[in-house]
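What follows is the residue order along each chain.
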Amino acid sequence: MLELRLVQGSLLKKVLEAIKDLVNDANFDCSATGFSLQAMDSSHVALVALLLRSEGFEHYRCDRNISMGINLGNMSKMLKCAGNDDIITIKADDGSDTVTFMFESPTQDKIADFEMKLMDIDSEHLGIPEAEYHAIVRMPSSEFSRICRDLSSIGDTVVISVTKEGVKFSTRGDIGTANIVCRQNTTVDKPEEATIIEMNEPVSLTFALRYLNSFTKASPLSNTVTISLSSELPVVVEYKIAEMGYIRFYLAPKIEEDEDETKPQM
Amino acid sequence: MLELRLVQGSLLKKVLEAIKDLVNDANFDCSATGFSLQAMDSSHVALVALLLRSEGFEHYRCDRNISMGINLGNMSKMLKCAGNDDIITIKADDGSDTVTFMFESPTQDKIADFEMKLMDIDSEHLGIPEAEYHAIVRMPSSEFSRICRDLSSIGDTVVISVTKEGVKFSTRGDIGTANIVCRQNTTVDKPEEATIIEMNEPVSLTFALRYLNSFTKASPLSNTVTISLSSELPVVVEYKIAEMGYIRFYLAPKIEEDEDETKPQM
Amino acid sequence: MLELRLVQGSLLKKVLEAIKDLVNDANFDCSATGFSLQAMDSSHVALVALLLRSEGFEHYRCDRNISMGINLGNMSKMLKCAGNDDIITIKADDGSDTVTFMFESPTQDKIADFEMKLMDIDSEHLGIPEAEYHAIVRMPSSEFSRICRDLSSIGDTVVISVTKEGVKFSTRGDIGTANIVCRQNTTVDKPEEATIIEMNEPVSLTFALRYLNSFTKASPLSNTVTISLSSELPVVVEYKIAEMGYIRFYLAPKIEEDEDETKPQM
């Protein structure tokens, strides 16, 4: 039997909004340690990994490991019926082919049960090793989101270049070129407004803006985003989920065969 | 001659927004007692009845009973040109084939006259007898609106079941089932937030969500909605219009030939 | 070399939003006295004239007169990437076929450079003589915008008639007629809420609402609009740009061959 009670139900609503456009169907894996998901996007280019640790739930009962195959679009439709202040409980009986989402209003005057059919989904769990990155940038998630959206109006790809002084986002398109530089800045009023760069060596990598824009739908989950870059590894775009876990997005850099075409000068 | 001056002109704007999508053309009936309308929706399934009593107008002159055939879409276009704080006056000369809507801004600096052609519309006025209902539910109009909208994302029909403890809204669709229970609750801070159930006997009836969703467009007129249910009668969904009258929507229950298909278990 | 630094960068954003739907491509002319533009709309019916005087810029360097041919849709895409609080600098090297827009965030933590290709655009600069107008109406820009939008839901053209008492906007369409009168009103709490009429002789002219609605996109630039009318001249719709200059729109009146058709009675 599975019964997970999440007082801050809006977190689960935001998680679904963050991933439902990227991934159609996925297995949610539930074990004693937490509620997690790992899935490729529908074009098999990006990977999303979600973890909500058991300690973050008010009540967490998971008698045996189970994997629930879910259509994320349908799950999102159901979670949209939860109020932002509702407590959400996820329930499944052993061997059942359904999962139930229960929404309780803060006053307990309104209780909703949404029952959804589960699916069989083939998936292989990729081991993602801990790695050393050439550069790690932490910045306000709203700023990163704004930059990706702005650059999309000019070009299709972005070159992210990190130096000690700052991080530069560049693109090029039919109408011209754009370069946006965010300087390292730790002397801010609120810690979440800081832009902090940890760099072992300079790095400059090219990514498809389409995917980055999709990742930024996780911005409501966290005020800050962490971007980990290495020339031999996929970039990791991570949004922490308050004291519970994270959503991480992985995306391989584009290889620059036609460097002159796609890479703005720096 | 007809001259009706409504200081709170926004009420008339809201009335039109509430009914214009349900009814295309209708007769507004004006008599010494008030300004009213009764019309079937364009698919002849639902009935809407509006009453604005003469006492609610600052000035009310209606020399003889008249019936004005009006295209509600066009009337809505004109009323959208009135400011929310404007005073609205409805004027018609005897025997004229036009009606004039006058909008006065609160400061009297801006005066608008919109003149609209009237239509000939055949209509029969149905007598709606006062009836005894098995159950009457009063609840916040925003809550009822939210429930109808939420359930529409899952299924096409809703079963409304009333017991002493509460009212349950249930639906079923391709992606699963949903049950939402609102408990009787009279100990609230604001009277309009109460959910109050008067029940003579338990009742459980099925309705098309499409129509209920249309009715909820009247929510801006009132903080509360009253739903009167009886197994032999159409449901009445009523929104009171502050000290002036009401909009009532009538809808026959669906007969459950295929009960297993459409009725979620309770 | 050209370098124009505008601390209130949002002004330039608003200017582009005001004209980009009316004009596709235009030359921005830069001289020692200011940054200006004069262009016909794409259907060659309306004329727009923009002036931003050099004194309004924090830094203004223009070594020699230059004319930059710009696609306004592309320029608008780039300016949308500037924050509302950003400082915008326009830069061009002598003989270059590009212009650069630099956006600096107020904290200087984020610096963006957008480089756009210039175009060759044929244009003739029309001399617009100072003229005497029969009537000049100054009114809140939001009110004028609202009236043009409201009347567009009824008809295609508007008759603007000015008398000493006020200004009347009239239209006629399939569903009826509309007249909106704004009275002269100088006793208001805030000067920008006044409606002020200077009249030498009464005037009544007809205009296409489509163009007036397009002009009102300049409303965010100024709380008031000035409408100058004369029976022998195009109307001038002017929005002042705080201490820097103006946007003026010119539109010829429609000639009333079919006066009965298009002109509502007054």
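Our structure's up above, just so we're on the same page.
Throughout this description, residue numbers start from 1 for each chain and increase along the sequence as written. Chains and ligands are labelled by the order in which they are written, letters from A for the one and numbers from 1 for the other. For a predicted model such as this one, the threshold for reporting local features is a pLDDT of at least 70, and the threshold for listing and counting side-chain atom pairs is 80 or more; totals across whole chains, interfaces and linings nevertheless cover every residue. The side-chain numbers reported here are obtained from all heavy atoms of the structure, hydrogens and water having been left aside.

*Asks:* Explanation requested: unusual backbone geometry in the structure shown.
*Replies:* Keep in mind that most residues, glycine aside, have a negative phi and that most peptide bonds are trans. All names here are of chain A. The backbone phi angle of Q108 is positive, close to 65°, even though this residue is not glycine. Under the scheme used here, helices are H or I runs from DSSP no shorter than 4 residues and strands are E runs no shorter than 2 residues, and both carry numbers assigned from the N terminus. Mapped onto the elements of the fold, Q108 is located in the loop between β8 (98–104) and β9 (110–117). For Q108, a relative accessible area of 28% translates into the label partly exposed. Three exposure classes are used, based on accessible area relative to the maximum for each residue type with a 1.4 Å probe and protein chains only: buried under 20%, partly exposed in between, and exposed over 50%.

*Asks:* I keep staring at the packing of helix α1 (residues 10–19) of chain C against helix α2 (residues 72–79) of chain C and nothing clicks. Help me out?
*Replies:* Think of two packed helices as two axes; the pair is described by the angle between the axes and how far apart they sit. Residues and elements named next belong to chain C. Think of each axis as a best-fit line through the C-alpha atoms, taken over the contacting stretch in the case of a helix, with angles from 0 to 180 degrees between the N-to-C directions. Axis separation between α1 and α2 bottoms out at 10 Å; the angle between their running directions is 145°. Remark: the crossing between α1 and α2 carries left-handed chirality. On α2, the residues that touch L12, K13, L16, E17 and I19 of α1 are L72, M75, S76 and L79. In this count, Pro and Cys sit with the nonpolar residues alongside Ala, Val, Leu, Ile, Met, Phe, Trp and Tyr, while Asp, Glu, Lys and Arg are called charged and the others, Gly among them, polar. Partitioned by chemical class, the residues of the contact of α1 with α2 number six nonpolar, one polar and two charged. With the far helix as reference, a near helix turned anticlockwise by less than a right angle produces a left-handed crossing, and one turned clockwise produces a right-handed crossing. Whether two residues touch is decided by their heavy atoms; if any such pair falls within 4.5 Å, the residues are in contact.

*Asks:* What am I meant to see in helix α1 (residues 10–19) of chain A here?
*Replies:* Owing to its 3.6 residues per turn, the α-helix aligns residues three or four sequence positions apart on the same side. Within α1(A), eight of the 10 residues are buried, which leaves it mostly tucked inside the rest of the structure. Turning to α1(A), its buried residues are S10(A), L11(A), L12(A), K13(A), V15(A), L16(A), A18(A) and I19(A).

*Asks:* How should I be thinking about the pairing of strand β12 (residues 166–173) of chain B in this particular structure?
*Replies:* Side-chain direction in a regular strand flips from residue to residue, so the side chains alternate between the two faces of the sheet. All names here are of chain B. Most of β12 sits out of view: seven of its eight residues are buried. What makes two strands pair is DSSP finding at least two bridges between them. As judged from the four bridges shared by strand β11 (residues 157–162) and β12, these two strands associate in the antiparallel manner. Note on β12: the bridge partner recorded for V159 is S170. The hairpin formed by β11 and β12 contains three residues between the paired strands. Between the end of β12 and the start of strand β13 (residues 176–183), which pair antiparallel, lie two residues.

*Asks:* In this structure, what is going on with the interface of chain C and chain B? I would like to understand it.
*Replies:* Frequently, the measure chosen for interface size is the accessible area that the parts lose on association. Facing the 19 residues of chain C at the interface are 17 residues of chain B. With both chains or domains summed, chain C and chain B bury close to 1,500 Å², and 47% of this area falls on carbon and sulfur atoms. Here, a salt bridge means any Lys or Arg side-chain nitrogen found within 4 Å of an Asp or Glu carboxyl oxygen. Applying the counting criterion to the chain C and chain B interface returns one salt bridge. In this structure, K110(B) engages E143(C) in a salt bridge whose closest nitrogen and oxygen atoms are separated by 2.8 Å. The definition of a polar contact used here is a pair of N or O atoms within 3.5 Å, where within protein one atom must be able to donate a hydrogen and the other to accept one, and adjacent residues in sequence count solely through side-chain atom pairs. At the boundary of chain C and chain B, one finds 10 residue pairs in polar contact (both at pLDDT 80 or more). Elements that contribute at least two residues to the side of chain C that touches chain B include exactly α3 (141–152) and β13 (176–183) of chain C. In this description, buried area is defined as the sum, over both parts, of the accessible area (probe of 1.4 Å) that is lost when the two are combined.

*Asks:* In this structure, what is going on with the side chain of S141(B)? I would like to understand it.
*Replies:* Residue and element names in this part refer to chain B. Summarising the element assignment, S141 is placed in helix α3 (residues 141–152). A distance of 2.6 Å separates a polar atom in the side chain of S141 from the backbone oxygen of S222. Discounting chain neighbours no more than four positions away, the residues touching S141 are S219, S222, N223, T224, V225 and Y239.

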